[in-house]
Amino acid sequence: MIELGKVQPLMVVKKTDFGVYLGTEEERVLLPAKYVDEDVEIGDSLTVFVYRDSKDRLIATTREPLIRLGEVRTLTVKEVTQIGAFMDWGLEKDLFLPFREQTSAVKAGKSYPVALYTDKSGRLCATTKIYKYLGITDAYKAGDNVKGVAYEHIEKFGMFVAVDGLYQGLIPRKALYGRINVGDEISATVSRVMPDGRLELALRAPAYLQINDDADAIMEELKKNDGRLPINDKSEPELIKERLEMSKAAFKRACGHLLKEGLIRITDSGIEIP
């Protein structure tokens, strides 16, 4: 059986001037001559990848694709058109990414994690809706550092991340500090491993490691604003997050550290450099 979107061994059943046919007499696919060695004979087995050409016909190639059916890989967008985007997957015909399969608008030249699937017409296409294609893992524990690529933002939950391009990860909404876009590569810390194996992630280091960076950020912001900021421990969390890109708890820890060092003082209207 010839399987679309997969690398597979197929037997040579016919030779022609323009290539060889692989498979069986009842079901066969063309491997163009440019991929066929001169010494290939009928009955030989060749390992090929099967996809569809520009005329939607099954075609075989000995070139290795950058992604196979059901896999998740990070691919680069070559072009965005009126009907969708086209991605480089290592083959002559670019891979189609329909608009409806984009979790957010993609840009030419930028890379995104995608899965390869077959649409209702039996064509191979890409999708950035990769949640169901990602697995779970017991390879990580809380506190471990991981790398991944952001692939979907849902306001209610946060930013979904493909950890190592293989596993399900989520940066919860409350832990999203700074601007992250779909397609961005990120480094994060595992804050906890969910009972089902999914990873909850934090962009910031644990509090005892983050406090110095937060204190430096506050001092830098104070210096930019003539030594005063209209924010203190009574300010709303949203205001602190918008101004300093940190949680209210992190702000209070850092301010306590700076206060102890004598670098700031707290007033009714905010904080300032003495």
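Data block above holds the structure.
Residues numbered from 1 in each chain as written. Predicted model: local features only at pLDDT ≥ 70, side-chain atom pairs only at ≥ 80, totals over all residues. Heavy atoms only, no water.

### Things to note about the overall build of the protein
Secondary structure summary: the protein contains three helices and 18 strands in total. Here the protein has a C-alpha radius of gyration of 26 Å; the compact-globule value for 274 residues is 19 Å, and the former is much larger. Here the C-alpha coordinates of the protein stretch approximately 85 × 40 × 30 Å along the principal axes. Out of the 274 residues in the protein, the part that is buried amounts to 43%. Put simply, 55% of the contacts in the protein that link residues at least 6 apart link residues at least 24 apart. As displayed, the protein offers around 15,400 Å² of accessible surface, 49% of which is attributable to carbon and sulfur atoms. Within the protein, one finds 40 positive and 43 negative side-chain charges whose respective centroids are separated by 5 Å. (Helix = DSSP H or I, 4+ residues; strand = E, 2+ residues; numbered from the N terminus. Rg over C-alpha atoms; globule rule 2.2 N^0.38 Å. Buried < 20%, exposed > 50% of the residue type's maximum accessible area, 1.4 Å probe, protein only. Contact = heavy atoms within 4.5 Å. Areas by Shrake-Rupley, 256 points an atom, 1.4 Å probe, with all protein chains shown as cover. Lys, Arg positive; Asp, Glu negative; His and termini not counted. Charge placed at Lys NZ, Arg CZ, Asp CG, Glu CD.)

### Considerations on the sheet that holds strand E17 (residues 265–266)
Where strands meet in a sheet, backbone hydrogen bonds hold them as pairs that are either parallel or antiparallel. In space, the three strands of this open sheet follow the order E16-E18-E17, with antiparallel pairing throughout. Two strands bound the open sheet, and with one partner strand each, they are strand E16 (228–229) and E17. By the bridge criterion, two bridges tie E17 to strand E18 (residues 271–272) in an arrangement that is antiparallel. By the bridge assignment for E18, isoleucine 266 is matched with isoleucine 271. (Pairing = 2+ DSSP bridges.)

### With respect to the side chain of threonine 127
Structurally, the position occupied by threonine 127 is in strand E10 (residues 124–127). One polar contact links threonine 127 to glutamate 101, side chain to side chain, over a distance of 2.5 Å. With residues up to four places along the chain from it excluded, the contact list for threonine 127 reads Leu97, Glu101, Pro113, Val114, Ala115, Tyr117 and Tyr133. (Polar contact = N/O pair within 3.5 Å; in protein donor to acceptor, adjacent residues only side chain to side chain.)

### Let's talk about the packing of aromatic side chains
Any pair of aromatic rings gets described here by the distance separating the centres and the angle formed by the planes. Inspection of every chain in the model, using the stated rule, returns eight aromatic pairs. Ring centres of tyrosine 131 and phenylalanine 160 lie 6.0 Å apart, and the angle between their planes is 90 degrees; on these two criteria the pair is classed as edge-to-face. A residue pair is termed long-range when its members are at least 10 positions apart, and tyrosine 131 in the loop between E10 and strand E11 (145–154) and phenylalanine 160 in strand E12 (residues 158–163) qualify at 29 residues. Take phenylalanine 160: its relative accessible area is 11%, and that puts it in the buried class. An aromatic cluster is defined as three or more aromatic residues linked by ring pairs; in this entry it consists of Tyr131, Tyr151, Phe157 and Phe160. Residue placement shows arginine 28 over the ring face of tyrosine 21; its charged tip is 4.8 Å from the ring centre. (Phe/Tyr/Trp six-rings, centres within 6.5 Å; stacked < 30°, edge-to-face > 60°. Lys NZ or Arg CZ within 6 Å of the ring centre and 35° of its normal.)

### Here we look at the nonpolar core
Formed by 37 residues in total, the largest nonpolar core has its most connected members in Leu22, Leu31, Leu46, Val48, Met87, Trp89 and Leu95. At five residues, strand E4 (residues 45–52) tops the list of elements feeding residues into this core. Each residue touching tryptophan 89, except ones within four places of it in the same chain, is listed here: Phe49, Tyr51, Pro65, Leu66, Ile67, Leu75, Asp94, Leu95, Leu116 and Leu124. Listed in part, the 16 residues of the second largest apolar core include Leu222, Ile240, Ala250 and Ala254. (Core = buried A, V, L, I, M, F, W, Y, C linked by side-chain atoms within 4.5 Å.)

### Here we look at the pairing of strand E15 (residues 199–202)
Walk down a regular strand and you will see the side chains alternate between the two sheet faces. Because side chains alternate across E15, one face comprises the buried residues Leu199 and Leu201, and the other comprises Glu200 and Ala202, equally buried. Inspection of the sheet shows strand E13 (residues 167–172) paired to E15 by two bridges, in the parallel sense. What sits directly across from leucine 170, in E15, is glutamate 200. The pairing of strand E14 (residues 185–193) with E15 spans four bridges and is classified as antiparallel. Bridged to arginine 192 within E15 is glutamate 200. The turn linking E14 back onto E15 is made up of five residues, and glycine 197 within it adopts a positive phi angle of 100 degrees.

### Description of the sheet that holds E14
The strand order around the closed barrel built from five strands is E11-E12-E13-E15-E14, with neighbouring strands paired in mixed fashion. Going from strand to strand, the sheet's axes swing by 50 degrees on average, the running direction of each strand aside. Where E11 and E14 come together, five bridges link them in antiparallel fashion. In the strand pairing of E14, lysine 147 is matched with serine 187. (Axes fitted to C-alpha atoms, helices over the stretch in contact; angles between N-to-C directions.)

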